[in-house]
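Secondary and tertiary structure notes
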Amino acid sequence: MKRASRAVPAYFTSGRRGRRAGFTLVELMIVVAIIGIVSAIAIPAASSYYAECCVKAALYDIAGMISEAKQNALANEKYYAISFNTADGKVSLLSGRGPDGEWTTPDDEVVRSFRLSERGGGLRFSHGNCGPIPDHAVAPDGVSFPNNNTLICNPDLTGNAGAVYIRSASGAAMALMMNSTDYGYKMYRWSGWKWVRM
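Described below are features of the structure shown in this document.

Criteria and cut-off values
- Residues numbered from 1 in each chain as written.
- Predicted model: local features only at pLDDT ≥ 70, side-chain atom pairs only at ≥ 80, totals over all residues.
- Heavy atoms only, no water.
- Helix = DSSP H or I, 4+ residues; strand = E, 2+ residues; numbered from the N terminus.
- Buried < 20%, exposed > 50% of the residue type's maximum accessible area, 1.4 Å probe, protein only.
- Pairing = 2+ DSSP bridges.
- Axes fitted to C-alpha atoms, helices over the stretch in contact; angles between N-to-C directions.
- Polar contact = N/O pair within 3.5 Å; in protein donor to acceptor, adjacent residues only side chain to side chain.
- Contact = heavy atoms within 4.5 Å.
- Patch = residues over 30% accessible without salt bridge, like charges linked within 9 Å, V, L, I, M, F, W, Y side chains within 5 Å.
- Areas by Shrake-Rupley, 256 points an atom, 1.4 Å probe, with all protein chains shown as cover.
- Salt bridge = Lys/Arg side-chain N within 4 Å of Asp/Glu carboxyl O.
- Core = buried A, V, L, I, M, F, W, Y, C linked by side-chain atoms within 4.5 Å.
- Expected span 1.5 Å × (residues − 1).

What about the overall build of the chain?
Assigned secondary structure in the chain consists of two helices and nine strands. In sequence order, the chain lays out its α and β elements as α-β-β-β-β-α-β-β-β-β-β. The burial tally for the chain puts 34% of its 198 residues in the buried class.

Structural data, given as structure tokens:
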């Protein structure tokens, strides 16, 4: 029994009989160069996006703590606070002062806390070379709340004004400004040349 021969498509053969064509070294080098160029553009953009996401996540965690402190202060008729320990990069929701009567000390009653380092991106309290938001208090350590860097919520839903600035290692920066009139907050991000409201 005779086997039927199968025709090989022309694009698989070279000009010589029996030799199959492949990619040349030049073609492979061009592809590698294109991949390198695309990577050189994409990696910094992805890194910048990651840093911004880390800062935003930390800022939203702080906003959540503010809402929780307001609700608990109203429901439990007692003072709650958010403390910013700039030396340790730690943010804590406090349900009261300890026996020493001071906020942001080791004997505070902590409900929950997190460290900026846990959020990734090399976060720290600082506005860096962005400077503070115009017409607001300067915060050399990144936090401008009085009472030992503590935002205090009382049962009347009023408290102290101030700001917290968070910056990533790659330069992404955001801020949360608290006012004392309506006891609300505003968030800002650094656009590269000025602070803009989020």
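Thoughts on the sheet that holds strand E3 (residues 109-115)
A sheet is described by the order of its strands in space; here four strands give the open sequence E3-E2-E1-E5, paired in antiparallel fashion. Of all the strands in the sheet, just E3 and strand E5 (150-153) have a single pairing partner and so form its edges. The sheet shows a mean angle of 15 degrees between the axes of neighbouring strands, direction not considered. In this structure, strand E1 (residues 80-85) lies alongside strand E2 (residues 90-96), joined through five bridges in antiparallel fashion.

Brief notes about the side chain of Thr150
By the secondary structure assignment, Thr150 is in strand E5. Of note is the side chain of Thr150, whose polar atom sits 2.4 Å from the side chain of Thr104. Of the polar contacts made by the side chain of Thr150, one reaches the backbone oxygen of Asn148; its length is 3.2 Å.

A look at the sheet that holds strand E6 (residues 162-167)
The strand order E4-E6-E7-E8-E9 describes an open sheet built from five strands, whose pairing is antiparallel. Both edges of this open sheet fall to strand E4 (124-125) and strand E9 (195-197), since each of them pairs with a single strand only. By the bridge criterion, two bridges tie E4 to E6 in an arrangement that is antiparallel. For Phe125, the partnering residue across the bridge sits in E6 and is Ile166. Sheet strands in contact with helix H1 (residues 25-76) are E6, strand E7 (173-178) and strand E8 (185-190), and its direction is about 15 degrees off that of E7.

Examining a nonpolar patch on the surface
Side chains of Val26, Ile30, Ile34 and Val38 sit close together on the surface and give an oily, nonpolar patch of about 370 Å² of accessible area. Turning to its location among the elements, Ile34 is positioned in helix H1.

Here we look at the nonpolar core
Ranked by size, the top nonpolar core spans 32 residues in total, and within it Ile62, Ile82, Phe84, Leu151, Val164 and Ile166 carry the most contacts. When residues in this core are grouped by element, the largest group, 11 residues, is from H1. Not counting the four nearest positions on each side in its chain, Ile166 is found in contact with Val55, Ala58, Leu59, Ile62, Leu116, Leu123, Arg124, Phe125, Ser126, Ala172, Ala173 and Met174. Counting 10 residues, the second largest nonpolar core, distinct from the first, contains Ala163, Tyr165, Ala173 and Tyr188.

Examining H1
Each α-helix turn comprises 3.6 residues. Residues three or four places apart therefore point the same way. Helix length check: H1, at 52 residues, gives a terminal C-alpha distance of 74 Å against a target of 76 Å (1.5 Å per residue), a fit within 8%. Within H1 the residues assigned to the buried category are Ala51, Cys54, Val55, Ala58, Leu59, Ile62, Ala63, Met65, Ile66, Ala69 and Ala73. Just past H1, the residue Glu77 takes up positive phi, approximately 50 degrees.

Re the pattern of salt bridges
Here the idea is simple: oppositely charged side chains can pair when their charged atoms come close. Taken as a whole and assessed by the stated rule, the structure comprises four salt bridges. The partner of Arg112 in a salt bridge is Glu68, and the shortest N-O contact between them spans 2.9 Å. In this pair, Arg112 is assigned in strand E3 and Glu68 in helix H1, connecting sequence segments 44 residues apart. Glu118 is paired through a salt bridge with Arg119; the nearest N and O atoms lie 3.9 Å apart.

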